[in-house]
Amino acid sequence: MPKVNKLKTYVVVSRILVMIMVIAAIFILFTMRKTTCEPGELPEKYIHEPTVTRFDPGVFEQRRKDILASLDADIVILSAGARHDFRYLTGFPERRGIAVIIPGHEKEYLLFVTPREIYTVMWTGEVYGLEGAVEKYGAEAAHGMDDFNEMLPGLLKGKKNIYLHGDDNRITDAVENVLIETGQQAEIRELATVLHEHRVIKDDWEIAHLKDAAEVTVKAHQYVLQTVQPGLAEYEVQASIEYIFRRNGMAPGFSSIIGSGPNSCLLHHTSNDRILEDGDLLLMDVGAASRGGYTADVTRTIPVNGRFSPEQRKIYELVLKASDEALKKMKPGHQMLDCHHLATEILVEGLYDMGLVPDTSSWWQKRFYIQHRINHYIGLQVHDAGDYGFDTDNRNEHILTPAIRGREIKTGMVMTNEPGLYFMVGLLDGIHEMFGHLATEEELNAFVETVRPVYEKYEGIGVRIEDNILITEEGNMNLSRYAPRTVEEIEAAMR
Ligand code: GLY
Ligand code: MN
Ligand code: MN
């Protein structure tokens, strides 16, 4: 080859090599950016920027206006003793405080708060004080907590309809004492019912908080899928999850439930001290609470080793089907329990096919597996305040009674969708204790004998899939949908 051509080939080849190296370097840098980080640094994908302010005076002013419009109140008094309701009405985040609202008064909205004194701050941390109550929290006048009792007779003077909160004993006692001492004729009415009804339908600000909380909770679940392995303790998984919460400026909204293996069947397991074993399922029921106080409540159940066993998969797919079908009924136009009854029907049908419910007309045979209903409101509390249109305290009454459908589902409600099945170790042996009052010894023994060979295959498997659902005009939005929830999604995320 002539020298010139040789040189040209050399130049072209070296240019191509340089280009390949540059492309490779860019590729390596790009992938490194996504997968590695400095010690103490968290990959960007686990960080969520809040979309809403921690407090908005306009939102709370509107809220107080709306509540007053549904009361015939001459005065409303509520203290931080009624924790979440006080927070809902005022946004004031301190442990102590009293709100007084006097409609039509020159100063309608008063806050009594802890004054900002140097020793208080030194021992208990920063407080907003009287100044903060006015400037940040919108009070038209603020006073020290200690001034309340002295000012109360003047505040109550001439007021006929006095709204107080049933959980607020100190305030109720103080008001009653004034009425007795002065002989003033007045009626004390309950604020909680009206306030709770307002809390059922979330405003846009609350929805933004719940979305942020769900988003951070989803990220925690995603993080665990990448980090979980046999040999870790449940509390280490808890620490990983709560690390993601804290890293995003949030805190757990309730005690994290981290149940591995047989603990996955314990509904409110919170000791979280078992070591995860190869072959276990791991049930994680957790929720981050936003700085505004709104909590998510999201459960995922995953195989510790990254692969569902055939038995685990069978139960998981059944619960998932119940969840998917129930979601279709979480829409305006349906009643609160329609989704629960549909989910229950699907679960019981699946259990019947597996030979676990020999007689589907037997209440107790179904109740043996169906432990809880699938929906509750979320908000400032994980089981948020508000009426459901049925007696929530008597589970035995509504849980298997399709005729009890509850109130209508409305746009702006935010609720969970959380079907679950739990094959607790030893539960079959407890059947006489559970249903001895409903069935004869022979009936119970016959059930145990028929069911045991199948039940034993699933013993120790507990599955709950819990999502947070915002009801919209068109239907609903699953706020936790990006936490992997199908078998394929979970196994792929763990590979
Ligand atoms: N985390 C409690 C519940 O799911 O209701
Ligand atoms: Mn829940
Ligand atoms: Mn939960």
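Since the model is a prediction, treat every value here as computed from it, not as a measurement. (Residues numbered from 1 in each chain as written. Chains lettered and ligands numbered in written order. Predicted model: local features only at pLDDT ≥ 70, side-chain atom pairs only at ≥ 80, totals over all residues. Heavy atoms only, no water.)

Q: Help me understand the coordination of the manganese ion (ligand 3) in this model?
A: Put simply, the ideal angle at a metal is 109.5 degrees for four donors in tetrahedral geometry and 90 or 180 degrees for six donors in octahedral geometry. Protein coordination at the manganese ion (ligand 3) comes from Asp285 (OD), Asp285 (OD), Asp297 (OD) and Glu466 (OE), with a distance range of 2.0 to 2.4 Å. Viewed at the metal, the 6 donor atoms of the manganese ion (ligand 3) are separated by angles of 58 to 173°, and the geometry they form is irregular. Each donor residue of the manganese ion (ligand 3) belongs to the same chain, and together they define the spacing D-x11-D-x168-E. The two metals, the manganese ion (ligand 3) and the manganese ion (ligand 2), are separated by 3.2 Å and share Asp297 as a common coordinating residue. Of this pair, Asp297 sits in the loop between β10 (288–289) and β11 (298–303) while Glu466 sits in the loop between β14 (462–464) and β15 (467–471), and the two are 169 residues apart along the sequence. Taken individually, Asp297 and Glu466 each receive the classification buried, so the pair is uniform in this respect. (Donors = N, O, S within 2.8 Å, 3.2 Å for Na, K, Ca; no water. Tetrahedral: all angles 85-135°; square planar, octahedral: opposite > 155°, others 65-115°. Helix = DSSP H or I, 4+ residues; strand = E, 2+ residues; numbered from the N terminus. Buried < 20%, exposed > 50% of the residue type's maximum accessible area, 1.4 Å probe, protein only.)

Q: I'm lost on empty space enclosed by the protein in this one. Help?
A: Taken as a whole and judged by the stated rule, the model has 3 cavities of 30 Å³ or more. One number sums up the size of the largest cavity: a volume of about 50 Å³. Lining of the largest cavity is provided by His340, Thr344, Leu347, Ile370, Gln371, His372, Ile374, Pro419, Gly420 and Tyr422. Elements that contribute at least two residues to the lining of the largest cavity include exactly α12 (338–353) and β13 (420–422). Broken down by element, the residue count for the lining of the largest cavity peaks at 3 residues, all from α12. (1 Å grid on protein atoms, 1.4 Å probe; cavity = no way out; pocket = protein on both sides within 12 Å on 5 of 7 lines; lining within 4 Å. Points joined across faces, edges and corners; volume = space filled by probe spheres on them.)

Q: Would you explain the site of ligand 1 in this entry?
A: Taken together, Phe254, Asp285, Asp297, His376, His383, Glu418 and Glu466 are the residues near ligand 1. At 2.6 Å, a side-chain N or O of His383 approaches an oxygen atom of ligand 1. By residue class, the composition of the shell around ligand 1 is 1 nonpolar, 2 polar and 4 charged. (Near = heavy atom within 4 Å. Polar contact = N/O pair within 3.5 Å; in protein donor to acceptor, adjacent residues only side chain to side chain. Nonpolar A, V, L, I, M, F, W, Y, C, P; charged D, E, K, R; others polar.)

Q: Just to check I follow, could you spell out unusual backbone geometry for this structure?
A: Glycine aside, negative phi is the norm for most residues, and most peptide bonds take the trans geometry. Unusually for a residue other than glycine, Asn272 sits at a positive phi of about 50°. Relative to the elements of secondary structure, Asn272 occurs in the loop between β8 (257–260) and β9 (281–286).

Q: Teacher, can you tell me more about a nonpolar patch on the surface here?
A: A surface patch of nonpolar side chains, amounting to about 370 Å² of accessible area, comprises Val12, Ile16, Leu17 and Ile20. Relative to the helices and strands, Ile16 resides in helix α1 (residues 3–35). According to the relative accessible area criterion, Ile16 is partly exposed, its value standing at 45%. (Patch = residues over 30% accessible without salt bridge, like charges linked within 9 Å, V, L, I, M, F, W, Y side chains within 5 Å. Areas by Shrake-Rupley, 256 points an atom, 1.4 Å probe, with all protein chains shown as cover. Salt bridge = Lys/Arg side-chain N within 4 Å of Asp/Glu carboxyl O.)

Q: Help me understand the environment of Val59 in this model?
A: The residue Val59 is located in helix α2 (residues 57–69) in this model. A relative accessible area of 18% places Val59 in the buried class. Placed 56 residues apart in sequence, Val59 and Pro115 show a C-alpha to C-alpha distance of 25 Å. When near neighbours in sequence (up to four residues on either side) are disregarded, Val59 contacts Asp203 and Trp205. (Contact = heavy atoms within 4.5 Å.)

Q: Help me understand the sheet that holds β11 in this model?
A: Hydrogen bonds between backbone groups are what pair the strands of a sheet, and the pairing can be parallel or antiparallel. In space, the 3 strands of this open sheet follow the order β8-β9-β11, with antiparallel pairing throughout. The two strands at the open ends of the sheet, each matched to only one other strand, are β8 and β11. The average undirected angle you get between the axes of adjacent strands in this sheet is 10°. In this sheet, β9 lies alongside β8 in antiparallel orientation, the contact comprising 4 bridges. Across the sheet, residue Ser260 finds its bridge partner in β9, namely Leu282. The strands touched by helix α9 (residues 204–227) within the sheet are β9 and β11, with β11 carrying the most contacts at an inclination of about 10°. (Pairing = 2+ DSSP bridges. Axes fitted to C-alpha atoms, helices over the stretch in contact; angles between N-to-C directions.)

Q: Help me understand the coordination of the manganese ion (ligand 2) in this model?
A: Looking at the manganese ion (ligand 2), the protein donor atoms are Asp297 (OD), His376 (NE2), Glu418 (OE) and Glu466 (OE), and they sit 2.0 to 2.2 Å from it. Viewed at the metal, the 6 donor atoms of the manganese ion (ligand 2) are separated by angles of 52 to 156°, and the geometry they form is irregular. Spacing between the donor residues of the manganese ion (ligand 2) along their common chain follows D-x78-H-x41-E-x47-E.

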